[in-house]
Amino acid sequence: MTHVVITGTGLYTPEHAIDNAALVAAFNAWVDGENELHAEAIARGEREPLAHSSSEFIEKASGIKSRYVLDASGILDPQRMRPKLPQRSNDEPSLQCEMATEAARQALAAAQVDAADIELVIVACSNLERAYPAVAVEVQQTLGTSGYGFDMNVACSSATFALETAANAIASGSVKRALVVNPEICSAHLNFRDRDSHFIFGDACTAVVLENSAVAVADEQFEILGTRLITQFSNAIRNNAGFLNRVTDSDPMALDKLFVQEGRRVFKEVCPMVAKLITDHLASLELNGSDLKRIWLHQANRHMNDLIARKVLGYDPSETQAPIILDRYANTSSAGSIIAFHLHHEQFNQGDIGVICSFGAGYSAGSVVIRRV
């Protein structure tokens, strides 16, 4: 029987960080400008004045204190309020390729694996910067891996869905080693003029090396005991940007071409779905919450994570049992649960068990149960 192990992880973090105070200052400056511009309509009662945001509101609503982004200046400019990323020529590496290769090299070093020994590359993320050629094939060329590569998108669940796909390829014998990378440029699809969501996202990229245990040599190895995925269609989280926009003559700058969600509905519907997914998955492996040393959850909202972990474990988790990284990274979509694993898998002894779980638009959710070898 083939055993699949995670042998290395990597993390690319952008150099620019924006704390809540700076983000709020830019947002409120824009609000003041809009309210002044429409002062007469507001006075006549024809228009509601826009409300200020605050650091206290953001932290209470989400647990987020700061976020890393590829560009801060454009986001903090009240006249622009979106990243300013220069267009690259076709002969230059793409942004996502650069992010992916930096994280991947860290993961390869941790796994003690040469890039040429990787036979499958999956780039899995919420938004790809182009339709084709696949970013994964560009990463394959840049790193010098063998075999093949492809892109996939299951929104915030992309990482766990890709881990299952890579694990299945190894278990089937078609490849011995695979690389999953999650280059998330979330700041580019966030509406920084929406008070309810302008603080949610950050940018980052994670990488994971998976191997057939028979060829693995890494100092740290985590065997994948099982994976389980679920999808359930919902419009509660949506982004309508796409190649058909130009032929349907829709406004490319319309708000629905950015991230939109019904936050309260998402909380109410996703939390029980994810908790049940993990609990049922554990039961299928003859495990339960008490068998878990750690649970690495998708980093979207502190309240969601606390509730899900409580339902799975049966009690309020400690920071060690359900680590939170969204306070400084914010929501990095599919990268979030992998960042949590990358930064918080220490002190795992042989036989210790944990769960990596991501969830998001779709709805979609993925559970990966692992055990330290």
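Values in this document were obtained by computation on a predicted structure and should not be read as measured data.

### A look at the overall build of the chain
Move 1: From N to C terminus, the chain includes 10 helices and 13 strands.
Move 2: Relative to the compact-globule value of 21 Å for 373 residues, the chain shows a C-alpha radius of gyration of 21 Å, a close match.
Move 3: Taking the principal axes of the C-alpha coordinates as reference, the chain spans close to 75 × 55 × 35 Å.
Move 4: Evaluated residue by residue, the chain yields a buried proportion of 53% over its 373 residues.
Move 5: As displayed, the chain offers around 16600 Å² of accessible surface, 49% of which is attributable to carbon and sulfur atoms.
Move 6: A distance of 4 Å separates the average location of the 31 positive side-chain charges in the chain from that of its 45 negative side-chain charges.

### Comments concerning the UniProt feature "domain: Beta-ketoacyl-[acyl-carrier-protein] synthase III N-terminal" (unreviewed entry) in the chain
Move 1: Taking the UniProt record as the reference, the feature "domain: Beta-ketoacyl-[acyl-carrier-protein] synthase III N-terminal" (unreviewed entry) is found at residues 150–231.
Move 2: Between the end C-alpha atoms of residues 150–231 there is a gap of 21 Å, over a span that is 18% helix and 39% strand.

### Examining the side chain of Ser53
Move 1: Positionally, Ser53 belongs in the loop between helix 2 (39–43) and helix 3 (55–62).
Move 2: At a separation of 2.9 Å, a polar atom in the side chain of Ser53 contacts the side chain of His198.
Move 3: In contact with Ser53, other than residues within four places in its own chain, are Val24, Phe27, Asn28, Ile58, Arg195 and His198.

### Focus on the sheet that holds strand 6 (residues 177–185)
Move 1: Read from one edge to the other, the open sheet built from nine strands follows the order 5-4-6-7-1-8-13-12-11, with strand pairing classed as mixed. For this open sheet the edge positions go to strand 5 (148–152) and strand 11 (292–297), each flanked by a neighbour on one side alone. Adjacent strand axes in the sheet meet at a mean angle of 25°, parallel and antiparallel pairs treated alike.
Move 2: Where strand 11 meets strand 12 (residues 353–360), five bridges bridge the pair, whose relative direction is parallel. In the sheet register, Ile295 faces strand 12, and the bridge partner there is Val355.
Move 3: Along the sheet face, helix 8 (residues 302–313) touches strand 11 and strand 12 and points at about 150° away from the line of strand 11.

### Details of the pairing of strand 1 (residues 4–12)
Move 1: A large share of strand 1 lies buried, amounting to nine of its nine residues.
Move 2: Across eight bridges, the pairing between strand 1 and strand 7 (residues 203–212) is antiparallel. Across the sheet, the residue bridging to Thr9 is Val208, located in strand 7.
Move 3: Bridge count for strand 1 against strand 8 (residues 222–231) is two bridges, and the pairing is antiparallel. When the bridges of strand 8 are listed, Val5 appears paired with Glu223.

### Regarding the nonpolar core
Move 1: Of all hydrophobic cores here, the largest spans 52 residues; its most connected members are Val274, Ile278 and Phe359.
Move 2: Elements represented by at least two residues in this core include exactly helix 1 (20–37), helix 7 (263–284), strand 11, helix 8, strand 12 and strand 13 (364–372).
Move 3: Contact partners of Ile278, with chain neighbours within four places excluded, come to Ile295, Leu297, Ile308, Val312, Val355, Cys357 and Ser367.
Move 4: With 36 residues, the next largest nonpolar core counts Ala162, Ala204, Trp296 and Ile370 among its residues.

Reading the values: rules and limits
- Residues numbered from 1 in each chain as written.
- Predicted model: local features only at pLDDT ≥ 70, side-chain atom pairs only at ≥ 80, totals over all residues.
- Heavy atoms only, no water.
- Helix = DSSP H or I, 4+ residues; strand = E, 2+ residues; numbered from the N terminus.
- Rg over C-alpha atoms; globule rule 2.2 N^0.38 Å.
- Buried < 20%, exposed > 50% of the residue type's maximum accessible area, 1.4 Å probe, protein only.
- Areas by Shrake-Rupley, 256 points an atom, 1.4 Å probe, with all protein chains shown as cover.
- Lys, Arg positive; Asp, Glu negative; His and termini not counted.
- Charge placed at Lys NZ, Arg CZ, Asp CG, Glu CD.
- UniProt positions renumbered as here; feature names shortened; annotations may be inferred.
- Polar contact = N/O pair within 3.5 Å; in protein donor to acceptor, adjacent residues only side chain to side chain.
- Contact = heavy atoms within 4.5 Å.
- Pairing = 2+ DSSP bridges.
- Axes fitted to C-alpha atoms, helices over the stretch in contact; angles between N-to-C directions.
- Core = buried A, V, L, I, M, F, W, Y, C linked by side-chain atoms within 4.5 Å.

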